[in-house]
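Summary of the model geometry
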Amino acid sequence: ALAIGLARFGLKVAAVDGRKPVALAQAGDVRGLALAMSSQRLLHALGLWSSLAPRLTPIRRIEVSARGHFGGSTLCAEDLGLPALGHLCPADYLQSTLDTALINTPGLTPLFGAALEQLTVDEAAVRLRLAGSDRAAEISGRLVIAADGSQSAVRRHCGIDATHHDYQQT
């Protein structure tokens, strides 16, 4: 979503992604993702909300409790004067919609199936050497945004440490 937004502001953007794009016909991840109102505003601003709307289920009520403990809370959209507290969206449908936008947004070059091999930084640019992409082996720019998860290859290449804590929960 960030890559799409930056490209729509007129920046030249490359989105490096290790996975292949998700075509809705071959999608199979039916997990329901809960989208908060802030996500709705973002997707609406990107022009993607109307594409998602037919597959969304509004969240009108949320009950919070701790098993074995007294008490709980209930949030109700109607009590807050809202049509919904958020929406549920099938994960594959959201991913397919975002992938289609990545492919079709002018100024944005999606590099699917690519993995970061090397990252170097100097005063002029950040340079990335990629493996696996069929479109570019090397790219450079003034900024790299690491949105590659807790096992971030970008973080590792930059020598940035991370603290991990296992909460032993699933």
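Coordinates for the structure precede this section.
Summarised in this report is the structure supplied together with it. Predicted model only: the values in this text are computed from it and were never measured.

Looking now at the overall build of the protein. Counting its secondary structure elements, the protein contains five helices and ten strands. Each of the three principal axes of the protein carries a C-alpha extent, and together these read 55 × 40 × 30 Å. Once local pairs closer than 6 in sequence are excluded, the contacts in the protein between residues at least 24 apart make up 59%. Summed over its atoms, the accessible surface of the protein is roughly 11,800 Å², and 53% of this surface lies on carbon and sulfur atoms. Charge-centre separation for the protein: the mean point of 16 positive side chains lies 4 Å from the mean point of 15 negative side chains.

To continue, consider helix H4 (residues 91-104). For H4, spanning 14 residues, the distance from its first C-alpha to its last is 20 Å, which sits close to the expected 20 Å at 1.5 Å a residue. With ten of its 14 residues buried, H4 lies for the most part within the structure. Listing the buried residues of H4 in full gives Ala91, Asp92, Tyr93, Leu94, Ser96, Thr97, Leu98, Asp99, Ala101 and Leu102.

Quick look at the pattern of salt bridges now. As a working rule, side chains carrying opposite charge can pair if their charged atoms are close by. In this structure the tally under the stated criterion is five salt bridges. For Arg61, the salt bridge identified is with Glu63, shortest N-O distance 3.0 Å.

Before going further, it helps to spend a moment on a nonpolar patch on the surface. A cluster of nonpolar side chains, contributed by Leu2, Leu143 and Ile145, occupies part of the molecular surface with about 320 Å² of accessible area. Of note, Leu143 is situated in the loop between strand E10 (138-141) and helix H5 (153-158).

A word on the sheet that holds strand E3 (residues 57-59). Spatial ordering of the open sheet is given by E2-E6-E3, a layout of three strands whose pairing is antiparallel. Strand pairing shows two members of the sheet lacking a second neighbour, strand E2 (32-36) and E3, which therefore form its edges. If you compare each strand with its neighbour and ignore which way they point, the axes differ by 35 degrees on average. With respect to the sheet, H4 is in contact with E2 and strand E6 (86-90), its orientation differing from that of E6 by roughly 85 degrees.

Looking now at the environment of Gln40. Mapped onto the elements, Gln40 comes out in helix H2 (residues 37-45). For the pair Gln40 and Gly86, spaced 46 residues apart in sequence, the C-alpha separation works out to 7.7 Å. For Gln40, the contacting residues outside a window of four places in its chain are Trp49 and His87.

Thresholds, definitions, all that
Residues numbered from 1 in each chain as written. Predicted model: local features only at pLDDT ≥ 70, side-chain atom pairs only at ≥ 80, totals over all residues. Heavy atoms only, no water. Helix = DSSP H or I, 4+ residues; strand = E, 2+ residues; numbered from the N terminus. Contact = heavy atoms within 4.5 Å. Areas by Shrake-Rupley, 256 points an atom, 1.4 Å probe, with all protein chains shown as cover. Lys, Arg positive; Asp, Glu negative; His and termini not counted. Charge placed at Lys NZ, Arg CZ, Asp CG, Glu CD. Expected span 1.5 Å × (residues − 1). Buried < 20%, exposed > 50% of the residue type's maximum accessible area, 1.4 Å probe, protein only. Salt bridge = Lys/Arg side-chain N within 4 Å of Asp/Glu carboxyl O. Patch = residues over 30% accessible without salt bridge, like charges linked within 9 Å, V, L, I, M, F, W, Y side chains within 5 Å. Pairing = 2+ DSSP bridges. Axes fitted to C-alpha atoms, helices over the stretch in contact; angles between N-to-C directions.

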